Amino acid sequence: MVEENKIMPMVNFRGVHPTHILFADDVFLFFNGHKRKIQKVLKLLQDYQSSSGQVVNQMKSKIFVGGVSEARKQQIANEYQMNLANFPEKYLGVILQPGGVKSSTVWRVVEMLQNRLASWIGKMLYFKDRLTLIKSILCSIPIYNMSVYKWHVSVVKICERLIRNFLWTSDPYDRKCVTLKWDETCAPMEKGGLSIRRMEVINKSLLMKLVWKIQNSKAEWARFMRAKFYTINGEWISGYKKSSIWSGLKWVIDEVEELPIISRQEDTGIWYGTMSGEFTVSSAVELIRLHYNKVKWAKYVWNSVQHPTTASNIWNYDFMIFKYFELKNQPIKIQIIVEIRFHLPEINQALICYDGASRGNPGVAVYGFICRGDHGEIIYVEAKGLDIANNFIAEVMAIIGAAEWAVQNSKFNICINSDSNATIKAYISGKLPWICQVRWNRIKQLL
């Protein structure tokens, strides 16, 4: 309808004018509030209802109008027979509000935490029960809001104080003198902590995801954001911008570093925090959180054969014993002889068997492969070191090395035998580590 000039877009930045957004089962429409445009949108909704059999729920629908008088706003709402909404407005836990983000903007989320905690006081919850509630509920409530706004430090401290007091005393307002720092308590389990997500880390990692999408997504909303927050040279603006999300974006822009992959097709950006080059929140958390050394006693506490309640009680009361005494066990190595078999390849086909491994995973890694003819005779053998890598990278690089050798020696009819399901799935799906993608694409073009 915009292309046919039936309706006018609400806003236009450098030729980018968003008209609609689809999210789950919700639809957002953006258009100019001229009388004729309103009638055409009404006709569009009526045509959709008559052709699809679906009915727009006007009681749940809302209309936002700006730049006109109150009388005109009410007139538009009456024509649509929808509720007239004003900012601030709540949607999926996010308070939609123009301008800068204040503590009051996100305070409703703090009140939700307080209400949940108030309902749990006095229920005689075990330490493990409180830990489960914190991980599954309390740390999940602010996710939607933190995906959009940067939270003030004071609000983050209040939320974490409520969670910390609830964990140690079962009362969010009763403080207990503890001997372990909150940073260490939130560390991963294998590093002596309880794997509780820090509020600031969650906020920063989710905003990093938003920045990554703005930089790399081809969706219309991302192009609109780039038009709004980018300079003509394609760089982020550095000055002030009247926006509720700009302070959060500016906070994490320097954290989101991407490396370019130059290929014969379209150049793409990759995220160095994952092997596939795709951005994930978990990888962002791993990069920005505080790091601690692994502790040897953690595997004895968080053992699969031990009941979770018992394990959490041991951690709560007796973890210092494991920490200072460093309990050890003497591993028993059993020698196992494994018979290796392989099927001969087809006529005029080369069979390549390979393997890759690292000492320590990650650690010093190597790979090797052997090429046999259709009678089982050995044609070529190679082994190569990879410096520091994990087992998966070693397996992937083994196939890359073997395929490159095959191309160089004009052996285009090959069969590669693998014992790694993860490697096979990576090659079938095309989700290879980013360091191998260009080399593999060149091999596929030649094979």
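A brief report on the enclosed structure follows. (Residues numbered from 1 in each chain as written. Predicted model: local features only at pLDDT ≥ 70, side-chain atom pairs only at ≥ 80, totals over all residues. Heavy atoms only, no water.)

### Brief notes about the packing of aromatic side chains
Part 1: For the structure on display, the rule yields 13 aromatic pairs.
Part 2: For the pair F369 and W405, a centre-to-centre distance of 6.3 Å together with 55° between the ring planes defines the contact as tilted. Pair noted here: F369 is in strand β10 (residues 363-372) and W405 is in helix α14 (residues 391-408), with a separation of 36 residues, a long-range link.
Part 3: The buried category is assigned to W405, whose relative accessible area is 9%.
Part 4: Both rings, one in Y380 and one in W405, keep their centres 4.7 Å apart while their planes meet at 10°; by these two values the pair is stacked. With Y380 in strand β11 (residues 378-389) and W405 in helix α14, this pair connects stretches of sequence that are 25 residues apart.
Part 5: Classification of Y380 by relative accessible area gives partly exposed; the value is 27%.
Part 6: Three or more aromatic residues link up through ring pairs in this structure, and these residues are F229, Y230, W236 and W246.
Part 7: A cation over an aromatic ring shows up here: R164 above the ring of W182, its NZ or CZ 6.0 Å from the ring centre. (Phe/Tyr/Trp six-rings, centres within 6.5 Å; stacked < 30°, edge-to-face > 60°. Helix = DSSP H or I, 4+ residues; strand = E, 2+ residues; numbered from the N terminus. Buried < 20%, exposed > 50% of the residue type's maximum accessible area, 1.4 Å probe, protein only. Lys NZ or Arg CZ within 6 Å of the ring centre and 35° of its normal.)

### Considerations on helix α15 (residues 421-429)
Part 1: Within α15, the full set of buried residues consists of T423, A426 and Y427. For α15, the angular spread of the buried residues around the axis is 95°, confining them to a single face. Those residues of α15 that are exposed and angled more than 90 degrees off the buried face are N421, K425 and I428.
Part 2: Tucked inside the fold, the buried residues of α15 contact β9 (350-359), α14 and α16 (434-446).
Part 3: Just beyond α15, the residue with positive phi is G430, at close to 80°. (Arc of directions from axis to C-beta. Contact = heavy atoms within 4.5 Å.)

### Considering helix α1 (residues 35-52)
Part 1: Taking 1.5 Å of rise per residue, the 18 residues of α1 would be expected to cover 26 Å, and the 26 Å separating its terminal C-alpha atoms lies within 8% of that figure.
Part 2: The complete set of buried residues in α1 reads K37, I38 and V41. Buried residues of α1, viewed axially, fall in a sector of 105°; they line one side. More than 90 degrees from the buried face of α1, the exposed residues found are R36, Q46, S50 and S51. (Expected span 1.5 Å × (residues − 1).)

### Topic: the pattern of salt bridges
Part 1: According to the stated counting rule, one finds eight salt bridges in the structure shown.
Part 2: Through salt bridges with shared partners, a single network forms among E160, D183 and R198. (Salt bridge = Lys/Arg side-chain N within 4 Å of Asp/Glu carboxyl O.)

### Examining the environment of G430
Part 1: Structurally, G430 is set in the loop between α15 and α16.
Part 2: Residue classification places G430 among the partly exposed residues on the basis of a relative accessible area of 46%.

### A closer look at the packing of α1 against helix α2 (residues 70-80)
Part 1: Between α1 and α2, the shortest axis-to-axis distance is 11 Å and the interhelical angle comes to 20°. With respect to each other, α1 and α2 are oriented roughly parallel. You can see that α1 and α2 cross each other, and the crossing is right-handed. Taken together, the residues of α2 that come into contact with α1 (itself represented by K35, I38, V41, L42 and L45) are R72, I76, E79 and Y80.
Part 2: Here the residues of the contact of α1 with α2 sort into six nonpolar, no polar and three charged. (Axes fitted to C-alpha atoms, helices over the stretch in contact; angles between N-to-C directions. Parallel < 35°, antiparallel > 145°, perpendicular 65-115°, else oblique. Left-handed = near helix turned anticlockwise from the far one by under 90°. Nonpolar A, V, L, I, M, F, W, Y, C, P; charged D, E, K, R; others polar.)

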